[in-house]
Amino acid sequence: MSFPDVGFNYKRSAERELQVIELEMLQQRQHKPTHPPDKPHRIGFYNLIVVEQGQGSHQVDFNRYAFQAGDFIAVQRHQIHAFDFSSPVKGKVLLFTQRFVDQALANMRLSEFSPTSLDTGLVPVFTPDQALRDSCFALLDEIEKELARDDSNTLIAMHLFSSLFLMLRRARPPQSQGRLSKEQQQRMIRFATLLEQQFQSNRDAASYAEQLHCTYKTLNQLCKLATGKTAKQIIDAFTVLEAKRRLSIDRLTTQQLAYDLGFEDASNFVKYFKKHTGFTPARFQKQLGLAQATVGLSKS
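Everything numeric in this text was worked out from a predicted model, so none of it was measured.

S.K.: Sorry, what's going on with the pattern of salt bridges here?
M.R.: Opposite charge on two side chains lets them pair, provided their charged atoms get close. Counted by the stated rule, this structure contains 13 salt bridges. Glutamate 22 serves as the salt-bridge partner of lysine 92, at 2.8 Å between the closest nitrogen and oxygen. Here lysine 92 is found in strand 9 (residues 90-96), whereas its partner glutamate 22 is found in strand 2 (residues 18-22), with 70 residues between them in sequence. Judged by relative accessible area, which is 7%, lysine 92 ranks as buried. The class of glutamate 22 is partly exposed, set by a relative accessible area of 26%. A single salt-bridge network, built from bridges that share partners, covers Arg42, Asp61, Glu242, Arg245 and Arg246.

S.K.: Help me out: how do you make sense of the sheet that holds strand 9 in this one?
M.R.: Across a sheet, strands are paired by hydrogen bonds formed along the backbone, either parallel or antiparallel in direction. With antiparallel pairing, 5 strands are arranged side by side in an open sheet as 2-9-4-7-10. Looking at which strands have only one partner, the edges of the open sheet turn out to be strand 2 and strand 10 (125-126). Relative to strand 10, strand 7 (residues 72-75) runs antiparallel, the two sharing 2 bridges. Bridge pairing in strand 10 links isoleucine 73 to valine 125. Running at roughly 110° to strand 2, helix 3 (residues 130-148) makes contact with strand 2, strand 4 (46-53), strand 7, strand 9 and strand 10 of the sheet. Across the sheet, helix 4 (residues 154-171) lies against strand 2, strand 4, strand 7, strand 9 and strand 10, angled at about 110° from strand 9, the strand it touches most.

S.K.: What should I look at first to understand the side chain of histidine 81 in this one?
M.R.: Looking at the element boundaries, histidine 81 is found in strand 8 (residues 80-82). Judged by its relative accessible area of 0%, histidine 81 falls in the buried class. Within the structure, histidine 81 has its side chain in polar contact with the side chain of histidine 58 (distance 2.9 Å). Look past the residues within four positions of histidine 81 in its chain and what remains in contact with it is Lys39, Pro40, His41, Ile43, Asn47, His58, Gln59, Val60 and Val75.

S.K.: Help me understand the nonpolar core in this model?
M.R.: Nonpolar side chains tend toward joint burial in soluble globular proteins. If you look at the biggest cluster of nonpolar residues, it comprises 36 residues, and the most contacted ones within it are Phe191, Tyr208, Leu219 and Phe269. Elements represented by at least two residues in this core include exactly helix 5 (182-198), helix 6 (205-211), helix 7 (216-227), helix 8 (231-249), helix 9 (254-260) and helix 10 (266-277). With 8 residues, helix 8 is the largest single contributor of residues to this core. Not counting residues up to four positions away in its chain, the partners in contact with tyrosine 208 are Phe191, Leu194, Leu195, Gln198, Phe199, Asn202, Leu219 and Ile235.

S.K.: Quick question: what am I supposed to make of the side chain of asparagine 202 here?
M.R.: Relative to the helices and strands, asparagine 202 resides in the loop between helix 5 and helix 6. Residue classification places asparagine 202 among the buried residues on the basis of a relative accessible area of 10%. Separated by 3.0 Å, the side chains of asparagine 202 and serine 207 make a polar contact. Non-local contacts of asparagine 202, meaning those with residues more than four positions away in its chain, are made with Ser207, Tyr208 and Gln211.

Conventions and cut-offs
The numbering scheme is per chain: residues are counted from 1 as the chain's sequence reads. Local features in this predicted model are restricted to residues of pLDDT 70 or higher, and side-chain atom pairs are both shown and tallied only at a pLDDT of 80 or more, whereas totals for entire chains, interfaces and linings draw on every residue. Heavy atoms from the whole structure form the basis of all side-chain values; hydrogens and water molecules are not counted. Throughout this description, the term salt bridge denotes a Lys or Arg side-chain nitrogen within 4 Å of a carboxyl oxygen of Asp or Glu. Note on conventions: DSSP H or I runs of at least 4 residues are helices, E runs of at least 2 residues are strands, and numbering of each starts at the N terminus. Per-residue accessibility, obtained with a 1.4 Å probe over protein chains only, is compared with the maximum for each type, and a residue is labelled buried under 20%, exposed over 50%, and partly exposed between these values. Here, a strand pair is defined by DSSP locating no fewer than two bridges between the strands. Here, two residues are considered to be in contact whenever any of their heavy atoms come within 4.5 Å of each other. As a rule, the C-alpha atoms of each element are fitted with a line to give its axis, helices using only the stretch in contact, and angles between N-to-C directions run from 0 to 180 degrees. Throughout this description, a polar contact denotes any pair of N or O atoms lying within 3.5 Å of each other; where both atoms belong to protein, one of them has to be capable of donating a hydrogen while the other can accept it, and for residues adjacent in sequence the pair is counted only when both atoms sit in side chains. Nonpolar core, defined: a set of buried Ala, Val, Leu, Ile, Met, Phe, Trp, Tyr and Cys residues in which side-chain atoms within 4.5 Å join the residues together.

Structure, rendered in structure tokens:
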């Protein structure tokens, strides 16, 4: 099996960086040969899936997470995911790009968009209470209405998006919220950015600390405070997850992937991968077609 990369469809969104689509419309695409949404695919943007009716399980980065009516599912940029249309599901999907997030942060003066890519323990399914659910559904409806207008105003859409984002953040704050100062939050975001840019050639925590103008000890303390993991553990988890994604998307050989990720030779990469996963890259590729364990609903 080979998982495709799917980019943001600017044509379908009228060249905007934000789009709302119905789950029922996606369900109708499942039999199309090009990027069927119920088959694993990697996205270059963010998804916020809101389930209004139905239940099932959503696959995110090689795990399945159970959902039910009223749940929200957050899928991060670069993650591999797949919809479950084994039974009828109704709801909406909010799609938005990193550029839209950056513009919203600048224009709305929002608090930082948390680098959840570093928090490997974060469960993507969230069950809000009824009051929050109703408010979020109303905001999504207003976003959809605004985007559908002939005289649609991007700033209005940003205000609505920002309200939705802040309400969800208040109900489900990042693990580090309340423990990190503004400066520490910004440093973690910078660390996440550097890691995404350099992980193929740099797995040295001390090097990242130097680029962040702090000591190795300070970076370690910050990472533990934010995620419960050391800087090295975060780097390794990020690298292994990206290796899994590339093995599944591009069907790379171990030799090719070892070279792409900056390992001296394939044997070193195999040892590294097995140390962190318990199996070899080749074994992982063979297991991709097997059923994966379902993770229970998250109530946090």
